[in-house]
Amino acid sequence: MGKRTEFLYMSEPDCIAAGVLDAGKCVNNAEEVFRLLAQGDYLMGGNNHNNHGMYIVFPQTTPFPNMPVAGPDRRFVAMPAYLGGRFNICGQKWYGSNAANKDKGLPRSVLMVTLNDKDTGEPICYMSGNLISASRTGAVPAVGARYLAGKDAEILTCVGCGAIGKACLDAIVTEMPELKK
């Protein structure tokens, strides 16, 4: 038997302790990632190395008693990628979504992120992905605000809801220090 693979498991509280809610840092990281994307120092899934994920969407009906059927926002998505630069890592976001989750006290989407050694494929970390995904999504418009918003802007209107809307607001606020309203 070969060497035992060790990896880090990070629950949502572990991700919080590691800084996933540090919106300013997320914005800086997002800007760095955009630079790597512009340089082409990344790969995503698919033959064109740029697919945003591989989906399982369930059929409307099935003769198999255990196979799920279609429902509102019911799908699974595997989103593999390699990112170069100082990150130099492979990983995947696994995205399970079902609108009926809310009836079970769960978020609509339940996400996990796996980071792997780019050479060996060994897992490095398996972590809760909901806050990571929301923080990353929120950082995107904040990078835009960094370059496009007036430096003396005092009012911000943010249209959105839920975790993503909050993450967008939290991140944009880090780029607009003169905000009053």
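How each quantity is defined
- Residues numbered from 1 in each chain as written.
- Predicted model: local features only at pLDDT ≥ 70, side-chain atom pairs only at ≥ 80, totals over all residues.
- Heavy atoms only, no water.
- Pairing = 2+ DSSP bridges.
- Helix = DSSP H or I, 4+ residues; strand = E, 2+ residues; numbered from the N terminus.
- Expected span 1.5 Å × (residues − 1).
- Buried < 20%, exposed > 50% of the residue type's maximum accessible area, 1.4 Å probe, protein only.
- Contact = heavy atoms within 4.5 Å.
- 1 Å grid on protein atoms, 1.4 Å probe; cavity = no way out; pocket = protein on both sides within 12 Å on 5 of 7 lines; lining within 4 Å.
- Points joined across faces, edges and corners; volume = space filled by probe spheres on them.
- Nonpolar A, V, L, I, M, F, W, Y, C, P; charged D, E, K, R; others polar.
- Core = buried A, V, L, I, M, F, W, Y, C linked by side-chain atoms within 4.5 Å.

Undergrad: Outline the pairing of strand E4 (residues 75-83), listing residues and values.
TA: Taken together, the three bridges between strand E2 (residues 42-44) and E4 define a ladder with antiparallel strand orientation. For Leu43, the partnering residue across the bridge sits in E4 and is Tyr82. Summarising the sheet, strand E3 (residues 54-57) and E4 pair through four bridges and their orientation is antiparallel. Each bridged residue has a counterpart across the sheet, and for Val57 the counterpart in E4 is Arg75. Across nine bridges, the pairing between E4 and strand E5 (residues 89-97) is antiparallel. Following the sheet pairing, Val77 is matched in E5 by Tyr95. The antiparallel pairing of E4 with E5 creates a hairpin that spans five residues between the two strands, and Gly85 there sits at a positive phi of about 60°.

Undergrad: Explain helix H3 (residues 130-148) to me, using residue names and the numbers behind them.
TA: End to end, H3 covers 28 Å across 19 residues, agreeing with the expected 27 Å (1.5 Å per residue, within 8%). For H3, the full list of buried residues reads Ser133, Ala134, Ser135, Gly138, Ala139, Ala142, Val143, Ala145 and Arg146. Close packing links the buried residues of H3 with helix H2 (23-39), E5, strand E6 (109-116) and helix H4 (162-174).

Undergrad: Got a sec to walk through the layout of surface pockets? Specific residues and values, please.
TA: Its boundaries defined by the atoms lining it, the largest pocket holds a volume of some 1600 Å³. What lines the largest pocket is a set of 44 residues, and nearest its centre among them are Val33, Leu83, Val113, Ile132 and Arg136. Contributions of two or more residues to the lining of the largest pocket are made by strand E1 (8-10), H2, E2, E4, E5, E6, strand E7 (123-128) and H3. Here the lining of the largest pocket gets seven residues from one element, more than from any other, and that element is H2. A class-by-class count of the residues in the lining of the largest pocket yields 27 nonpolar, twelve polar and five charged. For the second largest pocket, the calculated volume is near 540 Å³. Lining the second largest pocket are 22 residues, and of these Tyr95, Arg108, Ser109, Leu111 and Ile164 sit closest to its centre. Contributing elements (two or more residues each) for the lining of the second largest pocket: E4, E5, E6, H3 and H4. Ranked by the residues each element gives to the lining of the second largest pocket, the list is headed by H3, at six residues. Looking at the lining of the second largest pocket residue by residue, the classes come out as eleven nonpolar, six polar and five charged.

Undergrad: Quick one: what's the story with unusual backbone geometry, residue by residue and with numbers?
TA: With phi around 60°, His49 is a residue other than glycine that occupies positive phi space. Summarising the element assignment, His49 is placed in the loop between E2 and E3. Here His49 falls in the partly exposed class, since its relative accessible area comes to 42%. Residues other than glycine seldom take positive phi values, yet Asp73 does so here, at roughly 55°. Along the chain, Asp73 turns up in the loop between E3 and E4. For Asp73, a relative accessible area of 27% translates into the label partly exposed.

Undergrad: With reference to specific residues and values, describe the nonpolar core.
TA: For soluble globular proteins, the rule of thumb is that nonpolar side chains tend to be buried together. In terms of nonpolar packing, the biggest core is built from eleven residues, these being Ala23, Cys26, Val27, Ala30, Ala139, Ala142, Val143, Ala145, Ala171, Ile172 and Met176. Of all the elements in the fold, those that place two or more residues in this core are H2, H3 and H4. Excluding its chain neighbours within four sequence positions, the residues that come into contact with Val27 are Ala139, Ala142, Val143, Arg146, Ala171, Thr174 and Glu175. One finds Cys15, Val20, Cys125 and Met127 within the second-largest nonpolar core, a separate group that totals six residues.

These values are about where atoms sit, not about what they do.
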